[in-house]
Amino acid sequence: MELTGAQIIWESLAREGVDVVFGYPGGAILPAYDAMLDYPIRHVLVRHEQGAVHMADGYARASNRVGVAIATSGPGATNLVTGIATAMLDSSPVVCITGQVHSRLIGSDAFQEIDITGITLPITKHNYLVNRAEDIAQVLREAFYIARSGRPGPVLVDITKDAQQQRCPFVWPADPKLPGYRPTHTPQAEQLADAAAWINQAERPVILAGHGVIHSGATDVVRALAERAQIPVAMTLLGIGGVPASHPLNLGMMGMHGEAWVNTAIQEADLLVALGMRFDDRVTGNTGSYAPRARKIHVEIDPSEIGKNVKVDLPLVGDVREVVAGILPAVVPAARPAWLQFIHDLKGDAAVRSVVNLPDSGHLYAAHVMQDLWHETEGRTIVVSDVGQHQMWEAQYYRHEEPRSLITSGGLGTMGFALPAAIGAKLAQPDAEVWVVVGDGGFQMTMAELATVVQEQLKINIAIIDNGYLGMVRQLQEFFYQRRYAATPLVNPDFCQLAAAYGLHAIRVDRRADVRPAVRQARALAVSAVIDFRVEQEDSVYPMVPAGADLHDMIRRPSPIAETGADQ
Ligand SMILES: Cc1ncc(C[n+]2csc(CCOP(=O)(O)OP(=O)(O)O)c2C)c(N)n1
């Protein structure tokens, strides 16, 4: 069959099982848009191309399928950059298709010509410039394979306008033909046996569960390992949901804003079993003093992560699910009462300090909102959080039971991620309840996508944690810059009027007693709702490990007495 390059794009996407793409048109991609009308693939018109990639990314994270974003050349392509980098840092499988100027104009600084493959080289897993229609199917076949295999990541395919217009025979390649790309590895049997032996010998082991646990669908085997050997599990931000929050061995989040008992357990451990995580600096603090008593087993699909940040004693390169399944048979059941009791005792102290356990002072704290949202929804929604203090409070107080139920930008920490990513998540899981948890700063970065919510008739609930500041930066200024609030106070629009302008339902909440009724109301509505939670303006996230400090060197919440006093 003879087709245009533009038609081949859609034929290829259909063969890859794509049901929705997120995009924004322009001249260089117009042949593809024109051809799109003849294919039964849903196109979501975004309001800014950054939103398109975040949507594709949110779609991928919610579903384990490849998300697709489309943009035109020049500014359309450059607007994708932050979204691509976000997907890269969090290993999210996304394919971006951009239009490029006519191949004869390349290199001439033609109107809307930009070297997007050059620009995105370091932030894509791979990218392509295609200038012949007959290469499009093969390249897209490869792009999808690369995006989803091994350690997933974004792939960009830049297609010249003439390649979209040319006609050629369409042949769907049987395989991606990438002889130099070997994304899967299997550890040797002796290594698996060593790992089991180390686990059996350990007295104070901790499992560190990262995003890879969720990517590889390893929840059940990780849980089996934890239960059989009674190993407590600490999670990275992106590992949340990998083990149910209600599981007795789930410790919670580790790292800069991890609870004190989690970080203390890591520092006291004699064995760390790191699964699909990469010892990011937000997780380790000072690597020189990180888990000094622990031998370290690192299970990781990407060999370049082994030994990158932390010296590892036993590397196991492979898929987390397969590796843990390989270790399990030789793991001997254990009880470890002393170790578990030690950690249990640490938790008591934290509960006393927690703001949600203080008497109601009449002030609304973001932690209250998170805890009440969790209670109302029973931890069964998809929460898409943005970046900042609210992101950490969400991670601390919303207790996730399921993998893929927390979607957030971890590695790049991209403000503006949440609303568009939630749109993608909702399209990937139409039956799921989706909540956006976003700061008043981050919301304003991509709030134009409210129009996309309306145009696509989506039901999403948006909780703005409105503290009148770029809160996380204000916190840094409070702790380390003598409260000199340079460029962090925000003058905001009236978010309720803004929501109403889009035809959405708006609720304002400034008392704790009103949180749960507002959540109930939002859930009951057919239309999307925006809740403006006016929270304490100068609250801080505790504990906090200052950047580069020792993991055990945490700033703790001031004592409850001082806290209550400050409230009055
Ligand atoms: C695109 C982008 N720009 C700047 C930052 C730096 N940054 C990290 S958190 C933060 C403040 C976020 O404020 P807000 O969205 O109101 O959330 P809050 O911390 O108050 O919960 C800033 C500016 C960032 N992460 N992303």
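Residues numbered from 1 in each chain as written. Predicted model: local features only at pLDDT ≥ 70, side-chain atom pairs only at ≥ 80, totals over all residues. Heavy atoms only, no water.

## Some thoughts on the site of the ligand
Not every one of the 17 residues close to the ligand is listed here, only the nearest: Q389, H390, G413, G442 and G471. Here the ligand, which alone exposes 590 Å², has 76% of that area covered by the protein. (Near = heavy atom within 4 Å. Areas by Shrake-Rupley, 256 points an atom, 1.4 Å probe, with all protein chains shown as cover.)

## Description of the domain arrangement of the protein
Per the domain assignment, the segments making up the protein are domain 1 (2–169), domain 2 (189–346) and domain 3 (355–541). Look at where the C-alpha atoms of domain 1 and domain 2 centre, and you get two points 37 Å apart. The partner domain 2 presents seven residues to the eight residues of domain 1 that form the contact. Taken together, the two surfaces of domain 1 and domain 2 that pack against each other cover about 640 Å², and 50% of this comes from carbon and sulfur. For the pair domain 1 and domain 2, the number of links is two salt bridges. (Domains from an automatic or database assignment. Contact = heavy atoms within 4.5 Å. Buried area = accessible area lost by both parts, 1.4 Å probe. Salt bridge = Lys/Arg side-chain N within 4 Å of Asp/Glu carboxyl O.)

## With respect to the confidence of the model for the protein
The predicted model of the protein has a mean per-residue pLDDT of 95, with 98% of residues at 70 or higher. Between residues 561–568, whose pLDDT stays under 50, and residues either more than four places distant or in other chains, the model counts eight contacts. (pLDDT = per-residue confidence, 0-100.)

## Digging into the nonpolar core
Buried together is how nonpolar side chains tend to be arranged in soluble globular proteins. Ranked by internal contacts, the top residues of the largest apolar core, which has 69 residues, are I199, I207, L275, I297, I327 and F533. Take this core: its biggest share by element is six residues, from helix α16 (residues 366–377). Looking at this core, you find at least three residues from each of domain 2 (189–346) and domain 3 (355–541). Setting aside its immediate chain neighbours within four residues, I327 contacts L192, A195, A196, I199 and L316. (Core = buried A, V, L, I, M, F, W, Y, C linked by side-chain atoms within 4.5 Å. Buried < 20%, exposed > 50% of the residue type's maximum accessible area, 1.4 Å probe, protein only. Helix = DSSP H or I, 4+ residues; strand = E, 2+ residues; numbered from the N terminus.)

## Details of the pattern of salt bridges
Overall, the coordinates contain 34 salt bridges when judged by the stated rule. Of the charged contacts in the structure, one is a salt bridge between K308 and E305, with a shortest N-O distance of 3.1 Å. Linking R511 and D514 is a salt bridge whose minimum nitrogen-to-oxygen distance equals 3.1 Å. Owing to a relative accessible area of 26%, D514 belongs among the partly exposed residues under this scheme.

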